[in-house]
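Working through the structure, step by step
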Amino acid sequence: MATMPDLVLRDIHQSTAPSWWPPAVGWWWVGAALLAIVCGLAAWRMFRAWQRRRWQRLFDREVAVAGDAAGRIAAMSSLLRRAARRHRSDADRLQGDDWLSFLDAGAAGAPFSTGAGAVLRDGAFRRDAHALETTTLHALARRRFVGLMMGRGQ
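Now for a quick tour of the structure. Computed from a prediction, not measured in an experiment: that's the story for all the values here. (Residues numbered from 1 in each chain as written. Predicted model: local features only at pLDDT ≥ 70, side-chain atom pairs only at ≥ 80, totals over all residues. Heavy atoms only, no water.)

The next subject is the overall build of the protein. Assigned secondary structure in the protein consists of 4 helices and 0 strands. Starting at the N terminus, the α and β elements of the protein follow one another as α-α-α-α. Taken over C-alpha atoms, the radius of gyration comes to 33 Å for the protein, far larger than the 15 Å a tight globule of 154 residues would show. Its C-alpha atoms give the protein principal-axis dimensions of roughly 120 × 30 × 25 Å. When each of the 154 residues of the protein is scored for burial, the buried share is 29%. Taking contacts inside the protein between residues at least 6 apart in sequence as the whole, the part at least 24 apart equals 54%. Once the 22 positive and 13 negative side-chain charges of the protein are each reduced to a mean point, those two points are 5 Å apart. (Helix = DSSP H or I, 4+ residues; strand = E, 2+ residues; numbered from the N terminus. Rg over C-alpha atoms; globule rule 2.2 N^0.38 Å. Buried < 20%, exposed > 50% of the residue type's maximum accessible area, 1.4 Å probe, protein only. Contact = heavy atoms within 4.5 Å. Lys, Arg positive; Asp, Glu negative; His and termini not counted. Charge placed at Lys NZ, Arg CZ, Asp CG, Glu CD.)

Once that is clear, we can look at the packing of aromatic side chains. The final tally for this structure, using the stated rule, is 6 aromatic pairs. Between W55 and F145 the ring centres are 6.3 Å apart and the planes differ by 85°, which places this aromatic pair in the edge-to-face class. Taken together, the positions of W55 in helix 1 (residues 25-65) and F145 in helix 4 (residues 134-149) put the pair 90 residues apart, joining distant regions of the chain. For the pair shown, W55 and F145 are each scored as buried. (Phe/Tyr/Trp six-rings, centres within 6.5 Å; stacked < 30°, edge-to-face > 60°.)

Its relative accessible area of 2% is what places F145 among the buried residues. Here the alpha-carbon distance between F145 and S77, two residues 68 residues apart in the chain, equals 9.7 Å. Filtering out sequence-adjacent residues up to four positions away, F145 remains in contact with W55, L58, F59, L79, L80 and A83.

Let's shift gears to a nonpolar patch on the surface. Where nonpolar side chains cluster on the molecular surface, the patch consists of W27, V30, L34, I37 and L41 and spans about 550 Å² of accessible area. Tracing the backbone shows V30 in helix 1. (Patch = residues over 30% accessible without salt bridge, like charges linked within 9 Å, V, L, I, M, F, W, Y side chains within 5 Å. Areas by Shrake-Rupley, 256 points an atom, 1.4 Å probe, with all protein chains shown as cover. Salt bridge = Lys/Arg side-chain N within 4 Å of Asp/Glu carboxyl O.)

Throughout the structure, instances matching the rule amount to 5 salt bridges. With a shortest N-O distance of 3.3 Å, R142 and D60 are connected by a salt bridge. Within this pair, whereas R142 is found in helix 4, its partner D60 is found in helix 1, the two being separated by 82 residues in sequence. A residue is classified by how much of its surface remains accessible, and R142, at 26% relative accessible area, is partly exposed. Judged by its relative accessible area of 26%, D60 is partly exposed.

For the rest of this paragraph, the subject is helix 4. Think of an α-helix as 3.6 residues a turn; residues three or four steps apart then line up on the same face. The terminal C-alpha atoms of helix 4 lie 21 Å apart, and with 16 residues this matches the ideal 22 Å at 1.5 Å per residue to within 8%. Every buried residue of helix 4 is accounted for by T134, L137, L140, A141, R144, F145, V146, G147, L148 and M149. Residues of helix 4 that are buried make contact with helix 1, helix 2 (69-84) and helix 3 (96-104). (Expected span 1.5 Å × (residues − 1).)

The structure is reproduced here in structure tokens:
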């Protein structure tokens, strides 16, 4: 073998570290995916809030059309029965305590069986329905109606 006396060896030089900006393409994809998820969740929440307001307006409009207290109670009961069919096919045919127990499902304190919601049992058929407190019933029935329509059944 031939020797090379002219060959001069030098130390190895470290290259500079890559800068943190701009990030690699993969990090752009991760950022875009996170942004898409956040935007999707925000849009979903806005849609659900819009939907909730729409169901509330529908409930209020249908109840307002009924003139007297008995008619308002009947309208609330009818709306609740239509909404209940979304969760149980025979829910609109339930009567008396079974109907009120269905409405109480998931609520604390049984507001329909023992509270203001008990008026739904026979309030639409009373002659003295004007003397009943329908404001509390309206708020209670509206909350349950929106819950049923939004998919929170039992």
